Every structure is written in structure tokens, then in C-alpha cells.
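Tertiary structure, described
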Amino acid sequence: MARKDEATMEHKSGCLFCGKELLYLEKAEDLQCLFCKGLFSTQAKCIDNHFVCDTCHALSANDLIERFTIDSCSKDPVAMALTLMKSPSLKMHGPEHHFLVPAVLLSAFYNTMADSGEKEAKIRQARKRAENVLGGFCGFYGDCGAAVGTGIFVSVMTNATPLSRKEWRLSNLMTAKSLYTIANAGGPRCCKRNSMLAIEEALSFVKDHFGVEIDSTIRNRKCQFYPLNKECIKGECRFYPESSLQPEKNTN
Ligand SMILES: [Zn+2]
Ligand SMILES: [Zn+2]
């Protein structure tokens, strides 16, 4: 288990974001919180300049996801997901990933469309729905919550209801596509792998069905979280650092 990877994991000490050493400053500096973007006077910062304010540090996973994705101007859902995944509030596995997926997708979608008017309400709506998708849904119900998250994304974005026609089709088709890819990657569950696969599927879906190109500048999607996952399938997962597996199809 490489030391370098461990350092980015759930840290008991050091930087809350990356786990590296903290510097204690003689004079306070104004630093921007990585999550809420607020400016705070602090005498402690990470050697890589990361800073997380006390409020963000104390938020629950879903509160942090909601706040971060509502405030973010990012058009990159993969970058947003990775930043949030590094927060100590998000565990290696957990139902917070069911909200993470639609939250970063909705944020990136509305930021790309330069239409932030609806973004906040849509993200809050997605949270209400995602919170009904309980932990262990993948194995117990045969419907991975990250896949359901992409269905929630399309449903919220298109205002689908059980009575809609086109929107109903698209929402269910979105879940089907990401679930198919997630299922083919095989078990056991990994909330990081499945969230990443779900987000990638959603990006091609939005391009194909809505003509909206949302891309990620993060080309290297090698997993930073595997040392925390005792069920990691390692070389059989395409995100594992030494894996030779390739994406099943072009994901833009
Ligand atoms: Zn750091
Ligand atoms: Zn903050």
C-alpha cells in the first residue's frame, strides 16, 4: 500500500482535503475555503495551500454536497465529484454518492447553460429524491444508487413525472444506460467506481439527447481511493492505477 495514496485518504490529522502536513503561521493569512469559497483568516494551512473552514468541516456529507454544488461555477462534474470525494465527510462507500452524482451533474449542466436561475432548486429537489435511495440499494434492490442518481438528474432537469411521455422515457433510459455499464463492471460495490461510471454515462447521454456538451478536463481518472476499499477489484477495475482495462466506449 503506497504511502502517497494513503496520504490522500481519510485523515485523522493534517490537511482535511489532502492529508498532507499543516503549516502553522506566525501571522494569520486570508485563505479561501475549498468548499464554500469564503475567505477566512487562519493561522494553519496545508503545505499545498488547501484550507477548509470550520463550518464546511462540520457539515454532513449531503449538506456539503448541496452547498458546494449550488455555489460552484464549475462546468466539470468529474472535478467537482473528486473534490467532494476527498472531503472527510464523504466515506469510501455510502448513500451520499446517490446525491453526489445528480448534484455534480445538475451543477455542471446549469453552469454550462449559463442558467443558474433554476440550479439551486433543482439540486435541492435532487437531494430530497436521492435521500430515499438507501445504502446498499445496489446489492439489495439490484439498482445501484449512482445509476438511480443519473435518472434523478434527467428527471429533475426535464421536470419528468410518472405521467410524462418523452421525459419519462429519457429518465428511465438514463438509469438503464448507466446501470448497464455499472453492472457489466461487476461487483462488489464500489461507490467511487460506480459514481465515476454513472457520471461518464450521463455526459454522453446529455450530448446525444440534449445536444449539450459537458466535458471534464480531468483525463487521468486513475483512482486515488483504492487503499481505503478492502473489496477493491484492483486490476479488474479500469480506474485502478495499474489497470490495463479501457473504457467500454468513447465517453467524450
Ligand atoms: Zn492539502
Ligand atoms: Zn467553507
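An account of the accompanying structure is given in this report. Please read these numbers as outputs of a predicted model, since none were measured by experiment.

1. Considering the nonpolar core
In this structure, Phe 35, Cys 56, Leu 84 and Phe 153 are the most contacted members of the largest nonpolar core, which totals 72 residues. Tallying contributions element by element places helix H5 (residues 96-112) first for this core, with 10 residues. Once residues within four sequence positions are removed from consideration, Cys 56 is found in contact with Cys 33, Phe 35, Cys 36, Leu 64 and Arg 67.

2. Here's the deal with the packing of helix H6 (residues 119-130) against helix H8 (residues 145-158)
One can describe the packing of H6 onto H8 by two numbers: an axis separation of 10 Å at closest approach and a directional angle of 135°. Taken together, the axes of H6 and H8 are oblique relative to one another. The way H6 lies across H8 gives a crossing that is right-handed. Contact with H6, carried on its side by Lys 122, Gln 125, Ala 126, Arg 129 and Ala 130, involves Ile 152, Ser 155, Val 156 and Met 157 of H8 and no other residues of that element. Residues belonging to the contact of H6 with H8 are distributed by class as follows: five nonpolar, two polar and two charged.

3. Here's the deal with the pattern of salt bridges
One pass over the structure, following the stated rule, counts 13 salt bridges. In this structure, Glu 29 engages Lys 45 in a salt bridge whose closest nitrogen and oxygen atoms are separated by 3.3 Å. Placement of Glu 29 in strand S1 (residues 22-32) and of Lys 45 in strand S2 (residues 39-46) is noted, with a sequence separation of 16 residues between them. Measuring nitrogen to oxygen at the nearest pair gives 2.5 Å for the salt bridge that ties Arg 124 to Glu 120. With Arg 124 and Glu 120 both in helix H6 and four residues apart, this pair spans about one turn of that helix. Looking at Glu 120, the relative accessible area reads 37%, which means it is partly exposed. When salt bridges that share partners are traced, they join Asp 63, Glu 66, Glu 120, Arg 124, Arg 127 and Glu 131 into one network.

4. Some points on the coordination of the zinc ion (ligand 2)
All of the protein donors around the zinc ion (ligand 2) are Cys 33 (SG), Cys 36 (SG), Cys 53 (SG) and Cys 56 (SG); their distances to the metal are 2.3 to 2.4 Å. Taken together, the four donor atoms coordinating the zinc ion (ligand 2) span angles of 104 to 117° at the metal, a pattern that classifies the geometry as tetrahedral. Here the donor residues for the zinc ion (ligand 2) map to a single chain with the spacing C-x2-C-x16-C-x2-C. Taken together, the residues Cys 36 in the loop between S1 and S2 and Cys 53 in the loop between S2 and helix H2 (54-58) connect sequence positions 17 residues apart. Accessibility assignment for this pair places Cys 36 and Cys 53 in one class, buried.

Parameters at a glance
- Residues numbered from 1 in each chain as written.
- Chains lettered and ligands numbered in written order.
- Predicted model: local features only at pLDDT ≥ 70, side-chain atom pairs only at ≥ 80, totals over all residues.
- Heavy atoms only, no water.
- Core = buried A, V, L, I, M, F, W, Y, C linked by side-chain atoms within 4.5 Å.
- Buried < 20%, exposed > 50% of the residue type's maximum accessible area, 1.4 Å probe, protein only.
- Helix = DSSP H or I, 4+ residues; strand = E, 2+ residues; numbered from the N terminus.
- Contact = heavy atoms within 4.5 Å.
- Axes fitted to C-alpha atoms, helices over the stretch in contact; angles between N-to-C directions.
- Parallel < 35°, antiparallel > 145°, perpendicular 65-115°, else oblique.
- Left-handed = near helix turned anticlockwise from the far one by under 90°.
- Nonpolar A, V, L, I, M, F, W, Y, C, P; charged D, E, K, R; others polar.
- Salt bridge = Lys/Arg side-chain N within 4 Å of Asp/Glu carboxyl O.
- Donors = N, O, S within 2.8 Å, 3.2 Å for Na, K, Ca; no water.
- Tetrahedral: all angles 85-135°; square planar, octahedral: opposite > 155°, others 65-115°.

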